Amino acid sequence: MSEPAIIRPDKQTFLAEENPFEAMMERFDHAAKLLNLDRGLYKVLRNPEKQIIVSIPILRDSGEVEVFTGYRVLYNTSRGPAKGGIRFDLNVTLEEVKALAAWMTWKCALVNIPFGGSKGGVVCDPSTMSMGELEKVTRRYTSSIIEILGPDSDVPAPDVNTNERVMAWIMDTYSMHKRHTVTAVVTGKPVEMGGSLGRREATGRGCMIVTREALAKLGMSFKGTRIAVQGFGNVGSVAADLMAQAGATIVAVSDKSTALYNPKGLDVQELLKWVKERRQLGGYTKAETISHEQVLTVDCEVLIPAATENVITRKNAPHIKAKIICEGANGPTSAAADKILEDKGVFVIPDILANAGGVTVSYFEWVQDRGGYFWDEDTVNRRLEAILVRSFGEVMAMAEKHKVANRIASYIVAVDRVAGMHRLRGMYA
Ligand code: GLU
């Protein structure tokens, strides 16, 4: 299969290793080759279905008008409504949103839930915005992309720097336009307004479940296992908490403000309380302070990158000591680093499996909203566990069958499912 030339206009804004869409494509290409994907489908699956760019003007508290840029990319909707988060961040680019939308497509297919993949982002720095300004940006962005949103077409969720509050504004804006309440248009909402119990913790819980499975495969358990967590937000903090409860020792954690280390184990409960009160780890004195880079390379058995893309690269991969990497973030490892980790024999739980707990419970939320019947938290957690354990097993079986690394195995399972749906549906032209 020869590779068609793809023109990517904003490719030059990234170094090759840092371009998230390239990173996704490199793995997709590998899987497509092993699947012997026919050339037509290969071309279809390399391209996003729809890319939307909007300008978001708002009146700031200062009285000045500011115009933000927003994106929404629907990568593939063959298996169901597009599904994916919205991030508010200064680093958001169209290339990044495209990659994240593709990852959502593979993620939903991997855990076999009936969704396609999408992602959205607004280029802004929420830490410098008032609550009122954030609300205006959210509502104007929602109304600008309202044609594509809907429980049957595209369903957003929280991502970097967005939360339940933001989802509530999206739900309200959409519902006001539709003239009736539509809870299923967005997931990750407050529980009181149609959110699911267990959704907030789902991504971190998923990390815990697949790490437990990986440890068992290597003949280990959480007891006596040292874990380093890069990123102490919704994913990293919950994962650290649940793993500590299961008997692991959390030796390092970091967020934007600082990086903390204690080889004997950090008190996760105390850190959670600290962050709840101060919104950052910075200032905590009952641990050694290390550099952000050192969190990735400390002595530990499990490393959890749970922040953003491209933290594990060809530069630091050779120095990583962990036996297992559980990718709580999307795209934390570059394709070049993959090869180094594979040579070192590191067991990588790839992002589209490791952090799929979030979208799995988003699926449960969407089902509950549409049925108007809500489950207790145990039911949510039990069903999440069943899906992730099954998916972990499917990735392991595929890795064995093709003698490939876990990441490529997970892409094979996912791409094959999406391709299978395209074959069944045929081409409408
Ligand atoms: N933003 C999360 C992710 O990257 C959740 C997406 C969702 O629940 O739709 O998986």
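These notes cover the structure that comes with them. (Residues numbered from 1 in each chain as written. Predicted model: local features only at pLDDT ≥ 70, side-chain atom pairs only at ≥ 80, totals over all residues. Heavy atoms only, no water.)

The helix and strand tally for the protein chain stands at 14 helices and 12 strands. The C-alpha atoms of the protein chain give a radius of gyration of 21 Å, which matches the 22 Å a tight globule of 429 residues would have. Of the contacts formed within the protein chain by residues at least 6 apart in sequence, a portion of 69% connects residues at least 24 apart. A distance of 3 Å separates the average location of the 53 positive side-chain charges in the protein chain from that of its 51 negative side-chain charges. (Helix = DSSP H or I, 4+ residues; strand = E, 2+ residues; numbered from the N terminus. Rg over C-alpha atoms; globule rule 2.2 N^0.38 Å. Contact = heavy atoms within 4.5 Å. Lys, Arg positive; Asp, Glu negative; His and termini not counted. Charge placed at Lys NZ, Arg CZ, Asp CG, Glu CD.)

In this approach a probe as big as a water molecule rolls over the atoms, and the regions it shows empty are the leftover space. Estimated volume of the second largest pocket: approximately 360 Å³. Lining the second largest pocket are 17 residues, with Asp-338, Lys-339, Glu-342, Ala-405 and Ile-408 sitting closest to its centre. Looking at the lining of the second largest pocket, the elements that each hand over two or more residues are α1 (20–35), α10 (335–344), β12 (347–349) and α14 (406–425). Ranked by residues supplied to the lining of the second largest pocket, first place goes to α10 with five residues. For the lining of the second largest pocket, the residue count by class is eight nonpolar, three polar and six charged. (1 Å grid on protein atoms, 1.4 Å probe; cavity = no way out; pocket = protein on both sides within 12 Å on 5 of 7 lines; lining within 4 Å. Points joined across faces, edges and corners; volume = space filled by probe spheres on them. Nonpolar A, V, L, I, M, F, W, Y, C, P; charged D, E, K, R; others polar.)

Turning our eyes to something else, we now look at the side chain of Lys-98. Within the secondary structure layout, Lys-98 lies in helix α3 (residues 94–110). Take Lys-98: its relative accessible area is 7%, and that puts it in the buried class. One polar contact links Lys-98 to Glu-95, side chain to side chain, over a distance of 2.9 Å. (Buried < 20%, exposed > 50% of the residue type's maximum accessible area, 1.4 Å probe, protein only. Polar contact = N/O pair within 3.5 Å; in protein donor to acceptor, adjacent residues only side chain to side chain.)

With that settled, consider the site of the ligand. Taken together, 14 residues sit near the ligand, with Lys-83, Lys-107, Pro-158, Asp-159 and Ser-362 positioned nearest. In this structure, a nitrogen atom belonging to the ligand sits 2.7 Å away from a side-chain N or O atom of Asp-159. At 3.1 Å from an oxygen atom of the ligand is found a side-chain nitrogen or oxygen belonging to Arg-199. Of all elements in the fold, only β3 (82–88), α3, β5 (154–158) and α12 (357–371) reach the threshold of two or more residues within the shell around the ligand. (Near = heavy atom within 4 Å.)

Bringing α1 into the picture now. Its 16 residues place the ends of α1 23 Å apart at the C-alpha level, agreeing with the 22 Å of an ideal helix rising 1.5 Å per residue. Every buried residue of α1 is accounted for by Pro-20, Phe-21, Glu-22, Ala-23, Met-24, Met-25, Arg-27, Phe-28, Asp-29, Ala-31 and Ala-32. Two residues or fewer after α1 comes Asn-36, characterised by a positive phi angle close to 60 degrees. (Expected span 1.5 Å × (residues − 1).)

Judged by how many residues are buried, β3 sits mostly within the fold: seven of seven residues are covered. In this structure, β3 lies alongside β5, joined through five bridges in parallel fashion. From the neighbouring strand, Gly-84 faces β5, where its bridge partner is Pro-156. Strand direction decides the pairing type here: β3 and strand β4 (residues 117–122), joined by three bridges, are parallel. Each bridged residue has a counterpart across the sheet, and for Arg-87 the counterpart in β4 is Gly-121. Note that the unit made of β3, α3 and β4 has a crossover that is right-handed. (Pairing = 2+ DSSP bridges. Right-handed = clockwise from strand over helix to strand, strands pointing away.)

A separate point is the nonpolar core. In terms of nonpolar packing, the biggest core is built from 96 residues, with Met-24, Phe-28, Trp-106 and Met-243 touching the most fellow members. It is α3 that provides the largest number of residues to this core, a total of 12 residues. Apart from the residues within four sequence positions on either side, Met-243 is in contact with Cys-207, Met-208, Thr-211, Phe-222, Ile-227, Ala-248, Ile-250 and Ile-304. Of all hydrophobic cores here, the second largest spans 28 residues; its members include Cys-124, Ile-148, Val-166 and Ile-170. (Core = buried A, V, L, I, M, F, W, Y, C linked by side-chain atoms within 4.5 Å.)

For the rest of this paragraph, the subject is the packing of aromatic side chains. Considering all chains together, one arrives at 11 aromatic pairs under this definition. Centre to centre, the rings of Phe-115 and Trp-366 are 4.9 Å apart; their planes meet at 70 degrees, and the pair counts as edge-to-face. With a gap of 251 residues between them, Phe-115 in the loop between α3 and β4 and Trp-366 in helix α12 connect regions that are remote in the sequence. On the accessibility criterion, Trp-366 (10% relative accessible area) is buried. Lying across the ring of Trp-375, Arg-383 places its NZ or CZ 4.4 Å from the centre. (Phe/Tyr/Trp six-rings, centres within 6.5 Å; stacked < 30°, edge-to-face > 60°. Lys NZ or Arg CZ within 6 Å of the ring centre and 35° of its normal.)

Before going further, it helps to spend a moment on the sheet that holds strand β11 (residues 324–326). Taken together, the seven strands give an open sheet; going across it, the order is β9-β8-β7-β6-β10-β11-β12, and neighbouring strands pair in mixed fashion. This sheet does not close on itself; its edge strands, each paired only once, are β9 (288–289) and β12. Of the strand pairs in this sheet, strand β8 (residues 259–261) and β9 are connected by two bridges, and their pairing is antiparallel. When the bridges of β9 are listed, Leu-260 appears paired with Thr-289.

Attention now moves to the side chain of Arg-87. Take Arg-87: it is sitting in strand β3. Among the polar contacts listed, one links the side chain of Arg-87 to the side chain of Glu-96, at a separation of 2.8 Å. Setting aside chain neighbours within four positions, we find Arg-87 in contact with Val-92, Glu-96, Leu-100, Gly-120, Gly-121, Val-122, Asp-159, Val-160, Thr-162, Glu-309 and Asn-330.

Attention now goes to the pattern of salt bridges. Charged atoms that come close allow side chains of opposite charge to pair. Within the structure shown, the criterion is met by 26 salt bridges. For Arg-278, the salt bridge is made with Glu-277, and the minimal N-O distance between the two is 3.4 Å. Overall, the relative accessible area of 40% leaves Arg-278 in the partly exposed class. Residue Asp-351 pairs with Arg-407 through a salt bridge whose shortest N-O separation is 3.7 Å. Pair noted here: Asp-351 is in helix α11 (residues 351–354) and Arg-407 is in helix α14, with a separation of 56 residues, a long-range link. The pair formed by Asp-351 and Arg-407 is uniform in burial state, with each residue classed as buried. When salt bridges that share partners are traced, they join Arg-27, Glu-327, Asp-338, Asp-351 and Arg-407 into one network. (Salt bridge = Lys/Arg side-chain N within 4 Å of Asp/Glu carboxyl O.)

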